[in-house]
Structures are given as structure tokens and as C-alpha cells.
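# Fold and geometry: a report
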Amino acid sequence: MRRYHVTTFGCQMNAHDSERIKGMLEELGLGEAASPDDADVVVFNTCTIREKPDQKLAAYMGEAAARKREDPDRVIALGGCFAEAQRERIFELYPAVDVAFGPGSIAHLGDWLGAGGVGVARGRFGLDDRDFAAELPTRNERSFQAWVQVSMGCNSKCSYCIVPAVRGREQSRRPGEILAEVQRLADSGVRELTLLGQNVNSWGRDLLPDIRTEFGELLRACDRVDGIDRIRFTSPHPKDFRDPVIEAIAECAAVCEHVHLPLQSGSSRLLKAMRRTYTRERYIELAEKMRAAIPDLALGTDIIVGFPGETEQDFLETLEVVEHVGYDSAFTFVYSPRNGTEAAALPNQVPHELKIERMERLVELVQRIARERNEARVGRSEEVLVEGPSRTDASVLRGRTRRNTAVNFTGEALAGELVEVRIEAATSMTLRGSQRALVAV
Ligand code: SF4
């Protein structure tokens, strides 16, 4: 049996796409290899959101070229956002690559392999004629959890972001297709869904005039599917959180009390330069409205440090919002200019040392607040979806609360089970506890 190996870079959407690549390759009769060394088909599903993934890929491609020299029959395949961004010169850049495809053309890999590379274009890219990866067979990493792609692309124009240039405009899947997939997943034993889109909460807008719907209705429809105990979604945009979505989160039993609400900056002046389309005041108002409507809500966020022109005052305003909103978790990024984005050409690029100094102050604040919020969970019971043994200590189990906090706990449960855990200790990232009972569903 020929074997494949997939290396995934970047976001949840890429993690989803890689599950589809694996499903497609297994449908072609290939088996998974433990490492690229043992694989006949070596696939890289790439990211280009920052400089770092590009650099990492270059190292991987060096190794891949060496393997190709050892065994010329080995197939090197490159997909994802970097491939799309570099579509004009990808084979010049990496001559060892046999076949390449954009995020909207994953099925092309199967076509190329199926034809043994004969009579099929070496690369397929483009943002006009895209296919939903969700239409391909999948190979879920876990039998009880699944990603469900509800849309692709993004219509926003955040000045630092390369996504619209590599994933195209927003295109929503039709509700019937999504619900049919959700029903199939529930029938196959999936208990937790994550609805996926670059701008997930603007889902449905482009289905007009045929279909008049919105993301809140989709959450409610998924909530009505028996067997689905938990529903999550990512990545939303603050500008698209309308009342029906907030009400659906508050009222649907399966929709978890966790929302990722990217802030990016606490300075309205910088938010304007980022083209985020909301102000600091509007963002705080939205966060407070959500907290009021959704009991026990956990808020996560994304923050960029060192955006061009960021002054000490702008940065202090970011720290103020972090303190005011009080996040349970935060992804913090040092601004990285991306060729082809508006922000990369802006004046007043912030010196690297200053970015790092500010990043350290931000991380310290974020971790202090997250630790305080997690410490407030000590003594409480949390419903936990068991994922398996802890990564660091096989004698304890690991899982996640509905508020998306990782929990390591002692107990006897199987992966995929819902259990009640009494919380006994906390850090800024995790909770620790002991199992009390299985959760009856
Ligand atoms: S909303 Fe902005 S940051 Fe997010 S994918 Fe779209 S353009 Fe990029």
C-alpha cells in the first residue's frame, strides 16, 4: 500500500482541510505514514499569515527535496495559503514540488495522483472557481469531535491580513448541506462540532436572495440535531455579532459559553488603520452585552502588538481594554508585515525590540487575568469532554470545559465521554481536578 503523510501549518481551517486531504487520499487507497520519511506522497498544507510559517516551510522543503533526490518516485505536494499566494512562482521557488494547489482546489491533488501526474496540470489555483473542501471525504482526528466548514473566504479588508488574497471572497455553504453533514456526524458518534469560517458569523449573507438566513438560525438548527452535545464556532468578527447570534448562544443548550472575540488593538485610531470597522467603544459595548446575555461566558481574543504607527499611548489603550474586558484566553501576535497587504507599505514600522518589549508587558497582563479567572473556578464542578490521557502525564486524563478551558484530572473515563470534574487548582492556561461522575445526556 502506498502511504501518505500530511504536515499542517496554521489555523483551524487548515486543520479541517488536512482532514479532508487525508480522507481523499485514503479513498484513493493510500494509508497514513507516521512520518514523511516513510511516505510515498508527502503533503504540506501551508499557511502564510506571518513571516514565521514561510520560514518554517522553507526548512521542510529543504528536507523534502533531499528525500525526492533519494527517491524520485516520491510525490511532493504543496497546498494551502502559501501555495496560493506564490502561485505564479511556486515551482520555481520549490522545484522538488510535483503538484500544488490552492485552498479552494484541494480535490486537484486527488485528480493529479489518480492520473499519476499524466495529462493533469501540475498546479491548480484561483479564487473564482473554488470548491468547498467540505465536499471531500474526511478523516477526523477524533471520532467524537468534528470541524464543519460553513463558509470560505472573507469580505473584510483588514489592512494587515493576507487571507482575502489567498482564500477569496466569502461564500457560504447552503444550510441544507451543512445540516445533512451535521446529522451524518451525529449518527457517526460525533458529540462536539466546531463550525468553521474565516468570518463565520457573517455566514448566510451571500445566500440572498434565494435563501434569507443568518448565523443565529444556523446555530439553532445545529442545536436541534440529537446527539450533538456541544457546538463551538470560529473565527467570528465583532462587526457581525448581531442580536440573533447572541440570543442563539444564550438560548441553545449545546452552544458552548465560549466566544472568541478578536480585538486586535484597544486604540480606535489603530483599529481604523487596521480597517477593523469597529471602535474601542463599540467593541467594549459588544463584550459587555454578550456577558450580560450569556451567563458564565468565557471570552477569548486575538491582539496584534507593534502595528505600524503604534504609539505608547495606543498600546496603553490596548492594555486598558484587556483589563476592562478580562479575557479567559488570548492569542497575542507581534505584527509581521505581509507582502501584498496594505499595512506592509505603511510608514512608522515599529522597531522589533519595541514590539518584543510591549509583547512581554501584554502577555504578563493577559496571563495574570486568565489565572485569576481560572482560580475563580476552583471548588466548582465543570462538565468536561474527555479527549484522552494528558500529554504530559499519562496517569491523568485531559479534556475541555464548555468554556474551552483545558482540564487535567484524575479519574476513569474514556475519550469522548462527558464527565463532571471538581476543580482543585488552576494556572493561566489550565485547570486541575478530580472526576466526580459521568454526565448523563
Ligand atoms: S476578518 Fe480580517 S483578519 Fe480575519 S480573515 Fe478577514 S481580513 Fe483577515
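Residues numbered from 1 in each chain as written. Predicted model: local features only at pLDDT ≥ 70, side-chain atom pairs only at ≥ 80, totals over all residues. Heavy atoms only, no water.

## Here's the deal with the side chain of Glu84
Mapped onto the secondary structure, Glu84 falls in helix H3 (residues 81-85). A relative accessible area of 0% places Glu84 in the buried class. Of the polar contacts made by the side chain of Glu84, one reaches the backbone nitrogen of Gly126; its length is 3.0 Å. Apart from residues no more than four positions distant in its own chain, Glu84 is found in contact with Gly102, Pro103, Phe125, Gly126, Leu127 and Val166. (Helix = DSSP H or I, 4+ residues; strand = E, 2+ residues; numbered from the N terminus. Buried < 20%, exposed > 50% of the residue type's maximum accessible area, 1.4 Å probe, protein only. Polar contact = N/O pair within 3.5 Å; in protein donor to acceptor, adjacent residues only side chain to side chain. Contact = heavy atoms within 4.5 Å.)

## Quick notes on the state of the cysteines
Counted by the stated rule, this structure contains 0 disulfides. We note that Cys222 lacks a disulfide partner, and the nearest cysteine sulfur, in Cys252, lies 9.2 Å from it. (Disulfide = S-S within 2.5 Å.)

## A word on the domain arrangement of the chain
Under the domain assignment, the chain is made up of domain 1 (3-113), domain 2 (133-304) and domain 3 (381-438). Placing a centre on the C-alpha atoms of domain 1 and another on those of domain 3 gives a separation of 34 Å. (Domains from an automatic or database assignment.)

## Examining the packing of helix H11 (residues 280-293) against helix H12 (residues 312-325)
Look at H11 against H12: their axes get within 11 Å of each other, and the N-to-C directions meet at 10°. Taken together, the axes of H11 and H12 lie roughly parallel to each other. In this structure, H11 contributes Arg280, Tyr283, Ile284, Ala287, Glu288 and Arg291 to the contact, and H12 contributes Glu317, Glu320, Val321, His324 and Val325. Counted by class, the contact of H11 with H12 contains 5 nonpolar, 1 polar and 5 charged residues. (Axes fitted to C-alpha atoms, helices over the stretch in contact; angles between N-to-C directions. Parallel < 35°, antiparallel > 145°, perpendicular 65-115°, else oblique. Nonpolar A, V, L, I, M, F, W, Y, C, P; charged D, E, K, R; others polar.)

## Some points on the site of the ligand
All residues in the neighbourhood of the ligand are listed as Cys154, Ser156, Cys158, Tyr160, Cys161, Val163, Pro164, His237 and Arg276. Counted by class, the shell around the ligand contains 6 nonpolar, 2 polar and 1 charged residues. (Near = heavy atom within 4 Å.)

## Some thoughts on helix H13 (residues 352-375)
Under the 1.5 Å per step criterion, the end-to-end length of H13 is 34 Å for 24 residues, consistent within 8% with the ideal 34 Å. The set of residues buried in H13 consists of Lys355, Arg358, Met359, Leu362, Leu365, Val366, Ile369, Ala370 and Asn374. (Expected span 1.5 Å × (residues − 1).)

## Things to note about the packing of aromatic side chains
By the definition in use, this model includes 8 aromatic pairs. A ring pair is formed by Phe82 and Tyr94, whose centres lie 6.3 Å apart and whose planes are at 45°; its orientation type is tilted. Of this pair, Phe82 sits in helix H3 while Tyr94 sits in the loop between helix H4 (90-93) and strand S5 (99-101), placing them 12 residues apart in sequence. Since its relative accessible area comes to 15%, Tyr94 is described here as buried. Ring centres 5.9 Å apart and planes at 35° place the aromatic pair Tyr278 and Tyr283 in the tilted group. The same class applies to Tyr278 and to Tyr283, which are both buried. Taken together, Phe9, Phe44 and Tyr60 form an aromatic cluster joined through their ring pairs. (Phe/Tyr/Trp six-rings, centres within 6.5 Å; stacked < 30°, edge-to-face > 60°.)

## Examining the sheet that holds strand S14 (residues 329-334)
Judged by pairing direction, the sheet is parallel, and its 3 strands sit side by side in the order S12-S13-S14 without closing on themselves. Strands at the two margins of the open sheet, each flanked by one partner only, are strand S12 (258-260) and S14. Across the sheet, the axes of successive neighbouring strands diverge by a mean angle of 10°, strand direction being ignored. Pairing between strand S13 (residues 298-305) and S14: 6 bridges, direction parallel. The residue of S14 that forms the bridge with Asp302 is Phe331. (Pairing = 2+ DSSP bridges.)

## Some words on the sheet that holds strand S10 (residues 192-196)
The strand order S7-S10-S11 describes an open sheet built from 3 strands, whose pairing is parallel. Strand pairing shows two members of the sheet lacking a second neighbour, strand S7 (145-149) and strand S11 (230-234), which therefore form its edges. Looking at each pair of strands side by side, their axes are set apart by 25° on average, direction ignored. Packing against the sheet, helix H1 (residues 12-27) makes contact with S7, S10 and S11, and its axis sits at approximately 100° to S7.

## Description of the pattern of salt bridges
What the rule picks out here adds up to 46 salt bridges. The shortest N-O distance in the salt bridge between Glu84 and Arg87 comes to 2.7 Å. (Salt bridge = Lys/Arg side-chain N within 4 Å of Asp/Glu carboxyl O.)

## Side note on the environment of Ile90
On the secondary structure map, Ile90 appears in helix H4. Residue class for Ile90 comes out buried when judged on its relative accessible area of 0%. In contact with Ile90, not counting residues within four places along its chain, are Leu78, Phe82, Ala83, Ala100 and Phe125.

## What to know about the pairing of strand S1 (residues 3-8)
Here S1 pairs with strand S2 (residues 31-32) via 2 bridges, running parallel. Note that in S2 the partner of Tyr4 across the bridge is Glu32. The β-α-β motif built from S1, the intervening H1 and the parallel element S2 has right-handed crossover chirality. In terms of strand pairing, S1 meets strand S3 (residues 41-46) through 5 bridges, oriented parallel. The partner of Tyr4 across the bridge, within S3, is Val41. (Right-handed = clockwise from strand over helix to strand, strands pointing away.)

## Some details on unusual backbone geometry
For the bond running from Leu208 to Pro209, omega is 0°, close enough to zero to count as cis. Structurally, Pro209 is set in the loop between S10 and helix H8 (215-223). For Gln264, which is not glycine, the phi torsion reads 75° and is therefore positive. Mapped onto the elements, Gln264 comes out in the loop between S12 and helix H10 (268-273). Judged by relative accessible area, Gln264 falls into the buried class, the value being 7%. Positive phi is not limited to glycine here, since Asn404 has a value of about 70°. As for its placement among the helices and strands, Asn404 is situated in the loop between strand S16 (397-401) and strand S17 (406-410).

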